[in-house]
Amino acid sequence: MVIGDKIKELRLQCDLTQEELAARCELSKGYISQLENDLTSPSIATLGDILDALGSSFSEFFRGEK
């Protein structure tokens, strides 16, 4: 699973820029960019914050993954 691709997909579905998502999560735009490009991995807490901001949950995010 490529977490960055899924975060980007959800962000675009919510019609948010990286900067808007970063502001909602109290993160930097650069960090969101690194996540989306799989240059870094989020902690569980940070991923939870991002999913909350995107109106998703862990179960929805990982649904169908093997």
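Presented here is an overview of the structure given in this document. (Residues numbered from 1 in each chain as written. Predicted model: local features only at pLDDT ≥ 70, side-chain atom pairs only at ≥ 80, totals over all residues. Heavy atoms only, no water.)

1. Describing the side chain of Ser56
At step 1: With respect to the element layout, Ser56 can be found in the loop between α4 (44-53) and α5 (58-62).
At step 2: The exposure class assigned to Ser56 is buried, which follows from its relative accessible area of 12%. (Helix = DSSP H or I, 4+ residues; strand = E, 2+ residues; numbered from the N terminus. Buried < 20%, exposed > 50% of the residue type's maximum accessible area, 1.4 Å probe, protein only.)

2. Observations concerning the side chain of Gln18
At step 1: With respect to the helices and strands, Gln18 occurs in helix α2 (residues 18-25).
At step 2: Leave out the neighbours within four places in its chain, and Gln18 touches Arg11, Lys29, Ile32, Ser33 and Glu36. (Contact = heavy atoms within 4.5 Å.)

3. A closer look at the pattern of salt bridges
At step 1: Enumeration according to the criterion identifies one salt bridge in this entry.
At step 2: The partner of Glu36 in a salt bridge is Arg11, with the nearest N and O atoms 2.5 Å apart. One end of the pair, Glu36, is in helix α3 (residues 29-36); the other, Arg11, is in helix α1 (residues 3-13), with 25 residues separating them in the sequence. Take Glu36 and Arg11: they sit in the same class, and that class is buried. (Salt bridge = Lys/Arg side-chain N within 4 Å of Asp/Glu carboxyl O.)

4. Some thoughts on a nonpolar patch on the surface
At step 1: On the surface, a cluster of nonpolar side chains totalling about 290 Å² of accessible area is made up of Ile44, Phe58 and Phe62.
At step 2: Within the secondary structure layout, Ile44 lies in helix α4. (Patch = residues over 30% accessible without salt bridge, like charges linked within 9 Å, V, L, I, M, F, W, Y side chains within 5 Å. Areas by Shrake-Rupley, 256 points an atom, 1.4 Å probe, with all protein chains shown as cover.)

5. Examining unusual backbone geometry
At step 1: At Glu26, a position not held by glycine, the phi torsion is positive, near 55°.
At step 2: Summarising the element assignment, Glu26 is placed in the loop between α2 and α3.
At step 3: Judged by relative accessible area, Glu26 falls into the exposed class, the value being 76%.
At step 4: One non-glycine residue, Asp38, adopts positive backbone phi at about 55°.
At step 5: Owing to a relative accessible area of 39%, Asp38 belongs among the partly exposed residues under this scheme.

6. Some thoughts on the nonpolar core
Nonpolar side chains in soluble globular proteins tend to be buried together.
At step 1: Counting residues in each nonpolar core, the largest one holds 15 residues, and the members touching the most others are Ile7, Leu21, Ile32, Ile50, Leu54 and Phe61.
At step 2: In terms of residue count, α4 provides more of this core than any other element does, four residues in total.
At step 3: Once you skip the residues sitting within four places of it in the chain, Leu21 turns out to touch Ile7, Arg11, Ile32, Ile50, Ala53 and Leu54. (Core = buried A, V, L, I, M, F, W, Y, C linked by side-chain atoms within 4.5 Å.)

7. Description of the packing of α2 against α4
When two helices pack together, their arrangement is given by the angle between the helix axes and the distance between those axes.
At step 1: In the contact formed by α2 and α4, the axes pass within 9 Å of each other and the chain directions differ by 115°. By crossing handedness, the relation of α2 to α4 is classed as right-handed. Across the interface between the two elements, Leu21, Arg24 and Cys25 of α2 pack against Asp49, Ile50 and Ala53 of α4.
At step 2: Taken together, the residues of the contact of α2 with α4 break down into four nonpolar, no polar and two charged. (Axes fitted to C-alpha atoms, helices over the stretch in contact; angles between N-to-C directions. Left-handed = near helix turned anticlockwise from the far one by under 90°. Nonpolar A, V, L, I, M, F, W, Y, C, P; charged D, E, K, R; others polar.)

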